[in-house]
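Overview (structure and organization)
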Amino acid sequence: MTEEERRDGIGTGPPAEPAERADDRPLAAVVPKPEAEIAIESLRAEGVYDGDRRVREYDANHVALPVTEPPSEPRVREVVRQVDPDYRTRDLEGLLAERGWSDAALATAPGSWAVVGSVVLVTLPDDCADEDDVADALLELHGGAETVLADEGVSGTFREPATRHLAGERDTETVHVEHGTRYALDPAAVMFSPGNEAERVRMGDVVEAGETVFDMFAGIGYFTLPMARAGARVTATEANPTAFRYLLENAALNDVTDRVDAYRTDCRELADELSVDRVVMGYYGEADGTDDAGHGSRTDEAEAFLPAALSALEPGGTVHYHEATPEARCWERPLSRLESAGRQAGRDLAVREKRRVKTHSAGVVHVVVDAEVE
Ligand code: SAM
């Protein structure tokens, strides 16, 4: 019996619930009060801190930090099951209503946001009634968060984010843990697309250990890291020096430096020197995806990189071609572009999979086509 269970009367006498019921009460890590802040940082980096619950006092000298699973954090004195966890109000509207927001004001609150490590990125409606209130409420809602940034879009060839500090710490460097992959980044300096999570996980699933991959637009290692962690040997190119620095850091953070060859260069510079089993083209340029009549066909759009991608691909290899496609031209446009690139390269392609990754913007969808190239 832990002290908390003893103190709270659990454990005195036969258990009230049927013995066979699995104990699903939430866990907490007990640490000395003076070490709480450092321990929370470490639990967050380990990806086990539970921001949905508040920290609780455990006894005169200790606090109970909410965790989702037993941590490896050295400062933890013991892990206990909480008999009366203190959950935060679980939605933004509830918190804003507690702050006196009227129904009309609540209609101007943001409907979605992303939590990247310890940073909340929120797209504020233009008519938001009180952005400071929203930011404070988001910090309250996500106990593991330290900063709230207004997300004002991504632009340029380097896909750089525009953000505005709303609340909390000004230092926004963080570590985001996703399915065991650790991404160090500064969301104010490099993009991170929560909408691509399923695709990042898929890339780790489709590769075989030992296969060779060319990740043309590696960024901070969005796809490179899950693939290398799955045993692939990845050649990664990234043109943005800031993203490239994180790519190198993240290869070390995930212990895959022996399987990642990173180059800060335009991917087209290296393509002809490679002959790999798989090429990932995770970039759709600045194009807004509208039809080709004068829009969305700029040279930096994904299509322009297909010749380089095919030149790096072994016969029988697979290319993952990403595009921002108008709904009305899905799947005709990406498929015709792939076929045309295959013809120009004198190679046959067979489409193996077509996936909608996420909504890109109104009427435009981010898609990926997997094609096997003879
Ligand atoms: N596919 C990932 C995702 O969506 O999360 C990464 C996309 S990321 C926005 C695309 C990256 O490609 C950016 O970091 C950008 O700097 C880089 N990039 C753009 N053009 C490039 C080029 N010609 N060669 C190498 N990297 C390039």
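Whatever comes next refers back to the structure up there.
Read on for a plain summary of the structure. On a predicted model such as this, the values are computed, not experimentally measured, just so you know. (Residues numbered from 1 in each chain as written. Predicted model: local features only at pLDDT ≥ 70, side-chain atom pairs only at ≥ 80, totals over all residues. Heavy atoms only, no water.)

Quick look at the overall build of the protein
Of the regular secondary structure elements, the protein holds 11 helices and 17 strands. Per-residue burial over the protein gives 48% buried out of 374 residues. For the protein, the accessible area works out to roughly 17100 Å², and carbon and sulfur atoms hold 47% of it. (Helix = DSSP H or I, 4+ residues; strand = E, 2+ residues; numbered from the N terminus. Buried < 20%, exposed > 50% of the residue type's maximum accessible area, 1.4 Å probe, protein only. Areas by Shrake-Rupley, 256 points an atom, 1.4 Å probe, with all protein chains shown as cover.)

Digging into the pattern of salt bridges
Oppositely charged side chains are able to pair whenever their charged atoms sit close together. Scanning the model with the defined rule gives 30 salt bridges in all. Among the salt bridges present, the one from Arg 268 reaches Asp 266, with a minimum N-O distance of 2.9 Å. What makes Asp 266 partly exposed here is its relative accessible area of 27%. Through salt bridges with shared partners, a single network forms among Glu 199, Arg 202, Glu 353, Arg 355 and Asp 370. (Salt bridge = Lys/Arg side-chain N within 4 Å of Asp/Glu carboxyl O.)

Some remarks on the sheet that holds strand 15 (residues 313-326)
Consider a sheet: its strands pair through backbone hydrogen bonds, and that pairing is either parallel or antiparallel. Strands sit in the order 13-12-11-14-15-17-16 across an open sheet of seven strands; the sheet is mixed. One side of each edge strand has no neighbouring strand; the edge strands of this open sheet are strand 13 (260-263) and strand 16 (349-361). With strand direction ignored, the average angle separating the axes of adjacent strands in the sheet is 15°. When strand 11 (residues 212-215) meets strand 12 (residues 233-237), the two strands line up parallel, connected through four bridges. (Pairing = 2+ DSSP bridges. Axes fitted to C-alpha atoms, helices over the stretch in contact; angles between N-to-C directions.)

What to know about a negative patch on the surface
Taken together, the side chains of Glu 169, Asp 171, Glu 173 and Glu 249 present a region of like negative charge at the surface. Here Glu 249 is to be found in helix 8 (residues 241-253). (Patch = residues over 30% accessible without salt bridge, like charges linked within 9 Å, V, L, I, M, F, W, Y side chains within 5 Å. Lys, Arg positive; Asp, Glu negative; His and termini not counted. Charge placed at Lys NZ, Arg CZ, Asp CG, Glu CD.)

A short note on the packing of aromatic side chains
This model, assessed by the stated rule, comprises five aromatic pairs. Considering the side-chain rings of Tyr 183 and Phe 192, the 5.4 Å spacing of their centres and the 70° angle between planes classify their relative orientation as edge-to-face. A relative accessible area of 0% places Tyr 183 in the buried class. Taking the centre distance of 6.0 Å and the plane angle of 50° together, the rings of Phe 192 and Tyr 222 count as tilted. Here Phe 192 is found in the loop between strand 10 (181-185) and helix 6 (197-206), whereas its partner Tyr 222 is found in the loop between strand 11 and helix 7 (224-229), with 30 residues between them in sequence. A residue is classified by how much of its surface remains accessible, and Phe 192, at 8% relative accessible area, is buried. Aromatic ring contacts, followed pair by pair, group Tyr 183, Phe 192 and Tyr 222 into a single cluster. Geometry around Tyr 49 places Arg 44 over its ring, the cationic atom sitting 5.9 Å from the centre. (Phe/Tyr/Trp six-rings, centres within 6.5 Å; stacked < 30°, edge-to-face > 60°. Lys NZ or Arg CZ within 6 Å of the ring centre and 35° of its normal.)

Section: the pairing of strand 3 (residues 62-67)
Judged by how many residues are buried, strand 3 sits mostly within the fold: six of six residues are covered. Taking every second residue as pointing to the same face, both faces of strand 3 are buried, with His 62, Ala 64 and Pro 66 on one and Val 63, Leu 65 and Val 67 on the other. Inspection of the sheet shows strand 1 (residues 27-32) paired to strand 3 by six bridges, in the antiparallel sense. Residue pairing for strand 3: Pro 32 is matched across the bridge by His 62. Pairing of strand 2 (residues 56-59) with strand 3 involves three bridges; the strand directions are antiparallel. The residue bridging Arg 56 from the neighbouring strand is Ala 64, located in strand 3. Turn length for the strand 2-strand 3 hairpin, with the two strands adjacent in sequence and antiparallel, is two residues.

Focus: unusual backbone geometry
Leaving glycine out, the prevailing phi sign among residues is negative, and the prevailing peptide bond configuration is trans. With omega at 20°, the peptide bond leading from Cys 330 into Trp 331 counts as cis. Position of Trp 331 relative to the elements: it lies in the loop between strand 15 and helix 11 (332-344). A positive phi angle is found at Arg 159, which is not glycine, with a value near 50°. Structurally, Arg 159 is set in the loop between strand 7 (147-155) and strand 8 (160-168). Of note in the backbone geometry, His 179 takes a positive phi value of approximately 50° without being a glycine. Its location among the elements puts His 179 in the loop between strand 9 (174-178) and strand 10.

Some remarks on the environment of Ala 129
Examined against the element boundaries, Ala 129 turns out to sit in the loop between strand 6 (119-122) and helix 5 (131-141). Residues within four places of Ala 129 in sequence aside, it is in contact with Trp 101, Ala 105 and Thr 108. (Contact = heavy atoms within 4.5 Å.)

Concerning the sheet that holds strand 3
Strand order in this open sheet of four strands is 2-3-1-4, and the pairing throughout is antiparallel. Edge positions in the open sheet fall to strand 2 and strand 4 (78-81), since each of these has one partner strand only. The average angle at which neighbouring strand axes cross in this sheet is 40°, direction not considered. Taken together, the four bridges between strand 1 and strand 4 define a ladder with antiparallel strand orientation. In the sheet register, Leu 27 faces strand 4, and the bridge partner there is Arg 81.

Concerning the site of the ligand
Of all residues adjacent to the ligand, which total 20 residues, the nearest are Met 191, Asn 196, Glu 238, Cys 267 and Gly 282. Contact distances for the ligand include 2.6 Å between an oxygen atom and a side-chain N or O atom of Asn 196. Between a nitrogen atom of the ligand and a main-chain N or O atom of Gly 282, the distance comes to 2.6 Å. Protein chains shield 95% of the accessible area of the ligand, which is 600 Å² for the free molecule. Taken atom by atom, the bulk of the ligand overlaps the largest pocket. Of the residues belonging to the shell around the ligand, the class tally is 10 nonpolar, six polar and four charged. (Near = heavy atom within 4 Å. Polar contact = N/O pair within 3.5 Å; in protein donor to acceptor, adjacent residues only side chain to side chain. 1 Å grid on protein atoms, 1.4 Å probe; cavity = no way out; pocket = protein on both sides within 12 Å on 5 of 7 lines; lining within 4 Å. Sits in = over half its atoms within 2 Å of the grid points. Nonpolar A, V, L, I, M, F, W, Y, C, P; charged D, E, K, R; others polar.)

Everything listed is a geometric property; what it means functionally is a separate question.
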